[in-house]
Amino acid sequence: MDNFISRIFSKEPSSADKARERLRLVLINDRTDLSSDALESLKDDLLDVISRYIKIDAKSMRINITQDGRQQRLIADIPIAGPISRKY
Amino acid sequence: MSAKVITITSGKGGVGKTTAIANIGAALASKGQKVACIDADIGLRNLDVVMGLENRIVYDLVDVVEGRCRLNQAMIKDKHIPDLYLIPTAQTRDKTAVSPTDMIRLCNELRSDLDWILIDSPAGIERGFKNAIAPADEVIVITNPEVSAVRDADRIIGIVEAEEKGTPRLLINRLDTEMVKQNDMLSADDVVDLLAIHLLGIVPEDKAVIISTNKGTPIALDTNSLAGQAYHNIARRLLGENVPLLDLDKSSGFFNRISSVFGSGEK
Ligand SMILES: Nc1ncnc2c1ncn2[C@@H]1O[C@H](COP(=O)(O)OP(=O)(O)O)[C@@H](O)[C@H]1O
Ligand SMILES: [Mg+2]
């Protein structure tokens, strides 16, 4: 109960919140066999490829794996900054 | 009659498979169903003591498979409920004594005579697990609301799907309502959201389970206990009834406040 009271007055997430968040990430890793390092380099590679065709706002791009039922999805949200100036 | 074969399995050990088999078996049989429980956990015989039948064993699963006895000679009749039987496992160390094909053949031989065949699987992904799920018409995965158990459950669900046994249904065992209220335990909703499979039932943490197991009398025979009621509800859901989830909150007017189980697993 002490734990409960003190939590009301603090911003610390509860142990159940922590468990939920840790499991969410671990399950994505387990299911996709993709570590967070590998996901980072996937992002970098993706960025390279796309930048060859179009100018993108790399700072605000978001690439995440999300869960849709038991299906994992790779979701990329990449703001376009403008066309690459073509040199003819 | 043509029995439905249900295998209860888990990723992590000790989450409550054997207890669930004994109690769901007892609950189904108490509703007039003819049930055989098979212990497929070779080398770690347990279902016999949980059902209180350890003194009646003459023949076991391996004796049947190796032809040392007829199938019905290895079926031990329950002490408490008519039409409930146990086929005990062997204590041999050789887990390859039984193959998945043996299990399929054995269940096919039993089917015509029974309503339900419940198979107690070992935890994990070894040979024993393969044996246990081979004859299954449906697989139930059991977990506790706890990080490592949920993680391992997710692995097992993936493997059951890969073995083309369909998506298993989920049984959450040892949920402690007080801890959930204090935000110190994953709630049933959390676990269902994470694993994304259909929820078959929730069994609360209940000291009465350990006490009844001490005596070799399944808690399902005590319909005053919360866990006993939970197992009965699970049995009724297996029989196709729409039974709402138990209100596990002992402080709020017992089982009156109910919330629906239906659809929650399919989000
Ligand atoms: N709902 C429950 N409440 C309290 N104790 C439980 C509950 N379910 C199982 N147990 C206890 O947990 C332990 C492991 O259960 P068991 O059924 O043997 O697990 P498994 O077959 O998965 O290894 C046993 O001591 C059992 O009595
Ligand atoms: Mg067991």
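The structure displayed is predicted, hence computed values, not measured ones.

Q: Kindly report on the overall build of chain A, identifying the contributing residues and their values.
A: The number of helices and strands found in chain A is 3 helices and 4 strands. Helices (α) and strands (β) of chain A occur, in sequence order from the N terminus, as α-α-α-β-β-β-β. Within chain A, the proportion of its 88 residues that are buried is 18%. Considering only residue pairs separated by 6 or more positions, chain A has 44% of its internal contacts joining residues 24 or more positions apart. Element-wise, carbon and sulfur atoms account for 54% of the exposed surface of chain A, whose accessible area totals about 6,700 Å².

Q: I'd like a rundown of the site of ligand 1, residues and numbers included.
A: All names here are of chain B. As a matter of local geometry, ligand 1 sits amid 14 residues, with Gly16, Lys17, Thr18, Thr19 and Pro204 nearest to it. Within the side chain of Lys17, an N or O atom sits 2.8 Å from an oxygen atom of ligand 1. Take Thr19: an N or O atom from its side chain is 2.5 Å from an oxygen atom of ligand 1. Against a free-state accessible area of 560 Å², the protein chains account for coverage of 81% of ligand 1. Of all the secondary structure elements, the ones that give two or more residues to the shell around ligand 1 are α1 (17-30), β7 (169-175), β8 (199-204) and α9 (207-215).

Q: Explain the pairing of β8(B) residue by residue, including any values.
A: All names here are of chain B. Of all the 6 residues making up β8, 6 are buried; the element is thus mostly covered by neighbouring parts of the structure. Pairing between β7 and β8: 5 bridges, direction parallel. Across the sheet, residue Ile172 finds its bridge partner in β8, namely Ile202.

Q: Requested: an account of the sheet that holds strand β2 (residues 35-39) of chain B, with residues and values cited.
A: Hydrogen bonds along the backbone pair up the strands of a sheet, which may run parallel or antiparallel. Residue and element names in this part refer to chain B. Across the sheet, 8 strands lie side by side as β3-β4-β2-β5-β1-β6-β7-β8; this open sheet has mixed pairing. Only two strands of the sheet have a single neighbouring strand rather than two, namely β3 (76-77) and β8. By the bridge criterion, 5 bridges tie β2 to strand β5 (residues 116-120) in an arrangement that is parallel. Pairing of Asp39 across the sheet is with Asp120, part of β5. Across the sheet, α1 is in contact with β1 (4-9), β2, β4 (84-87), β5, β6 (138-143) and β7; its angle to β5 comes to roughly 165 degrees. Running at roughly 165 degrees to β6, helix α6 (residues 147-162) makes contact with β1 and β6 of the sheet.

Q: Can you break down the side chain of Asp30(A) residue by residue, with the values?
A: Inspection of the secondary structure assignment puts Asp30(A) in helix α2 (residues 15-32). Residues in contact with Asp30(A), not counting those within four places in the same chain, are Arg151(B) and Arg155(B).

Q: Describe the side chain of Lys34(B), naming the residues involved and giving the relevant values.
A: Residues and elements named next belong to chain B. Its place among the elements puts Lys34 in the loop between α1 and β2. Judged by relative accessible area, Lys34 falls into the buried class, the value being 18%. From its side chain, Lys34 meets the backbone oxygen of Asp113 in a polar contact 3.4 Å long. Those residues within four positions of Lys34 in sequence are excluded, and the remaining contacts are Met1, Asp83, Tyr85, Asp113, Leu114, Asp115 and Trp116.

Q: Mind laying out the interface of chain A and chain B, listing which residues take part and the relevant values?
A: Each side of the interface is counted separately: chain A has 20 residues, and chain B has 22 residues. Of the roughly 1,700 Å² buried where chain A meets chain B, counting both sides, 52% is carbon and sulfur surface. Summed over the three residues of chain A that lose the most area to chain B, namely Leu23(A), Asp30(A) and Arg70(A), the buried surface amounts to 37% of that side. Applying the counting criterion to the chain A and chain B interface returns 5 salt bridges. Residue Asp190(B) pairs with Arg20(A) through a salt bridge whose shortest N-O separation is 2.9 Å. Joining chain A to chain B, the criterion identifies 13 residue pairs in polar contact (both at pLDDT 80 or more). Within the residue set of the side of chain A that touches chain B, elements represented by two or more residues are α1 (2-8) and α2 of chain A. Among the elements that take part in the side of chain A that touches chain B, α2(A) stands out by supplying 12 residues, more than any other. In terms of residue class, the side of chain A that touches chain B is built from 7 nonpolar, 5 polar and 8 charged.

Q: I'd love a proper account of the confidence of the model for chain B, names of residues and values included.
A: Regions with low pLDDT carry predicted coordinates that are not meant to be interpreted in detail. Across chain B, the average pLDDT comes to 92, with 93% of residues at 70 or higher. For this predicted complex, the interface confidence comes out at an ipTM of 0.83, alongside a pTM of 0.87.

Conventions adopted
Residues numbered from 1 in each chain as written. Chains lettered and ligands numbered in written order. Predicted model: local features only at pLDDT ≥ 70, side-chain atom pairs only at ≥ 80, totals over all residues. Heavy atoms only, no water. Helix = DSSP H or I, 4+ residues; strand = E, 2+ residues; numbered from the N terminus. Buried < 20%, exposed > 50% of the residue type's maximum accessible area, 1.4 Å probe, protein only. Contact = heavy atoms within 4.5 Å. Areas by Shrake-Rupley, 256 points an atom, 1.4 Å probe, with all protein chains shown as cover. Near = heavy atom within 4 Å. Polar contact = N/O pair within 3.5 Å; in protein donor to acceptor, adjacent residues only side chain to side chain. Pairing = 2+ DSSP bridges. Axes fitted to C-alpha atoms, helices over the stretch in contact; angles between N-to-C directions. Buried area = accessible area lost by both parts, 1.4 Å probe. Salt bridge = Lys/Arg side-chain N within 4 Å of Asp/Glu carboxyl O. Nonpolar A, V, L, I, M, F, W, Y, C, P; charged D, E, K, R; others polar. pLDDT = per-residue confidence, 0-100.

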